Amino acid sequence: MVYSIVFKIQAKEFIPYLFSGIIPWTFINIVADTGTTSFINAQGYIKQTQVPVEIFPVRAVAGAFINLLISLSAFFAVYLFLGFENFSPKMLMMIPALVIWLIFGIGWANIVSIINIYIRDFQPLQAILFQALFYATPIIYTVDMIPSEYSLIYLANPLYYLMEILRQPLLGQTIPGIEKWIIAFSFSLITFILGVYILNKNGRKISLKI
């Protein structure tokens, strides 16, 4: 009602837009939370077995990714009634977008899982950071609502590009421009490489610190 009255946006258009942003963001939050504690929660396995430590952050991301796919299935079921006319082959672009999101998720989980070993209060700090990023990313509002002089708020936010390459195919109306794909993929790849590097550098030494 608020968005319909204040911003003159029809609920039929805004509801899919809203949930096409909230569902991916939920994946990021789950990856951040479960990835951060992945080594702490698995310390018994790590200390008593020779299981490769790399599997624990990946396990956290895999669970979050399965939840993402289930949520997207529910999204499409609802979208059939709200925007069936928007269903098109453009939606297939969500497949490479999901791969990029998975790459980002694994990289981020690796990074924060190591950080949390050295900084045990990192999880609440991360929650504050992501709460700020939530409002700095067009999830519950559209970019058209932001005055042009404040566009840097989201243009300088790499999560905006990650969101756009998935959200636009989900809605089936447009295909993201190549620059958004390049920025999103580059950011995800850098995150993944950094996460793998940090994790490999610590290796099984983390068993001495958890």
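Now for a look at the structure at hand. These numbers come from a predicted model, not from an experiment.

1. Examining the overall build of the protein
Across its full length, the protein holds 10 helices and zero strands. For the protein, the N- to C-terminal ordering of α and β elements is α-α-α-α-α-α-α-α-α-α. Here the C-alpha atoms of the protein give a radius of gyration of 19 Å, agreeing with the 17 Å that 2.2 N^0.38 yields for 210 residues. The C-alpha extent of the protein, read off along each of the three principal axes, is 60 × 35 × 30 Å. Considering only residue pairs separated by 6 or more positions, the protein has 77% of its internal contacts joining residues 24 or more positions apart. Measuring between centres, the 12 positive side-chain charges of the protein sit 14 Å from its 9 negative side-chain charges.

2. Digging into the nonpolar core
Counting 47 residues, the largest nonpolar core has Trp 25, Phe 27, Ile 28, Trp 101, Leu 162 and Ile 165 as its most contacted members. Put simply, the parts of the chain that give this core at least two residues each are helix H2 (11-36), helix H5 (55-82), helix H6 (94-118), helix H7 (122-136), helix H9 (158-171) and helix H10 (178-202). If you tally residues by element for this core, the top one is H6, at 10 residues. Counting residues in each nonpolar core, the second largest holds nine residues, with Phe 39, Ala 42, Leu 199 and Ile 206 among its members.

3. A short note on H7
For H7, spanning 15 residues, the distance from its first C-alpha to its last is 21 Å, which sits close to the expected 21 Å at 1.5 Å a residue. Taken together, the buried positions of H7 are Phe 122, Gln 126, Phe 130, Phe 134 and Ala 136. Angularly, the buried residues of H7 cover 160 degrees about the axis, an arc narrow enough to put them on a single face. For H7, the exposed residues set more than 90 degrees away from the buried face come down to Leu 125, Ile 128 and Tyr 135.

4. What about the packing of H2 against H6?
Contact geometry of H2 with H6 gives a least axis separation of 7 Å together with a crossing angle of 30 degrees. Here H6 runs roughly parallel to H2, going by the angle between their axes. Where H2 crosses over H6, the handedness of that crossing is right-handed. Where H2 approaches H6, its residues Pro 24, Phe 27, Ile 28, Val 31, Ala 32, Gly 35 and Thr 36 are matched on the opposing element by Trp 101, Phe 104, Gly 105, Trp 108, Ala 109, Val 112, Ser 113 and Asn 116. A per-class count over the contact of H2 with H6 returns 10 nonpolar, five polar and no charged.

5. Let's talk about the environment of Leu 189
Residue placement: Leu 189 occurs in helix H10. Leu 189 sits in the partly exposed class, given a relative accessible area of 33%. Through-space distance from the C-alpha of Leu 189 to that of Phe 104 is 6.8 Å; in sequence the pair is 85 residues apart.

6. Quick look at H9
With 14 residues, H9 should cover 20 Å at 1.5 Å per step; its first-to-last C-alpha distance of 20 Å lies within 8% of that length. At Glu 164, H9 is bent by approximately 25 degrees, the largest bend along its length. Burial of H9 is extensive: 13 of the 14 residues sit out of reach of the surface. Near the N-terminus of H9, the side chain that reaches the backbone nitrogen of Leu 159, with its oxygen 3.0 Å away, is that of Asn 157. The first or second residue beyond H9 is Gly 172, which carries a positive phi of 70 degrees.

7. Things to note about the side chain of Ser 38
Checked against the element boundaries, Ser 38 lands in helix H3 (residues 38-41). Engagement of the side chain of Ser 38 in a polar contact is seen with the backbone oxygen of Gly 35, the distance being 2.8 Å.

8. Observations concerning the environment of Glu 179
Note on placement: Glu 179 falls in helix H10. On the basis of relative accessibility, which here comes to 45%, the residue Glu 179 falls in the partly exposed class. Through-space distance from the C-alpha of Glu 179 to that of Ala 64 is 27 Å; in sequence the pair is 115 residues apart.

Rules and cut-offs
Each chain has its residues counted from 1, following the order in which its sequence is written. Restriction of local features to residues with pLDDT of at least 70 applies here, the model being predicted, together with a cutoff of 80 or more for giving and counting side-chain atom pairs; totals for whole chains, interfaces and linings are based on all residues. Note that the side-chain values use all heavy atoms of the structure and ignore hydrogens as well as water. Note on conventions: DSSP H or I runs of at least 4 residues are helices, E runs of at least 2 residues are strands, and numbering of each starts at the N terminus. C-alpha atoms define the radius of gyration in this analysis, and the globule rule sets the expected value at 2.2 Å times the number of residues to the power 0.38. Contacts between residues were defined by any pair of non-hydrogen atoms, one from each residue, lying within 4.5 Å. We score Asp and Glu as negative and Lys and Arg as positive, and we do not count His or the chain ends. Charge positions come from single atoms, namely NZ of Lys, CZ of Arg, CG of Asp or CD of Glu. Buried Ala, Val, Leu, Ile, Met, Phe, Trp, Tyr and Cys residues that are joined via side-chain atoms within 4.5 Å together make up what is termed a nonpolar core. A 1.4 Å probe rolled over the protein chains alone gives each residue an accessible area, and that area as a share of the maximum for its type sets the label: buried under 20%, exposed over 50%, partly exposed in between. By this rule, a helix spans an expected 1.5 Å times one less than how many residues it contains. The arc under discussion is defined with respect to the helix axis, by the directions toward the C-beta atoms. Only the contacting stretch of a helix is used when fitting its axis, a line to C-alpha atoms as for every element, and angles between N-to-C directions run 0 to 180 degrees. Should an angle lie under 35 degrees it is considered roughly parallel, over 145 roughly antiparallel, and from 65 to 115 roughly perpendicular; all remaining angles are considered oblique. Two helices that cross are described as forming a left-handed crossing if the nearer one is turned anticlockwise from the farther one by less than a right angle, and a right-handed crossing if clockwise. Under the grouping applied here, Gly and all other residues not named as nonpolar or charged are polar, the nonpolar ones being Ala, Val, Leu, Ile, Met, Phe, Trp, Tyr, Cys and Pro and the charged ones Asp, Glu, Lys and Arg. For a residue, the bend is simply the angle between two axes, fitted respectively to the seven-residue segment ending there and the seven-residue segment starting there. Polar contacts here mean pairs of N or O atoms no more than 3.5 Å apart (in protein, one a potential hydrogen donor and the other a potential acceptor; neighbouring residues in sequence count only if both atoms are side-chain atoms).

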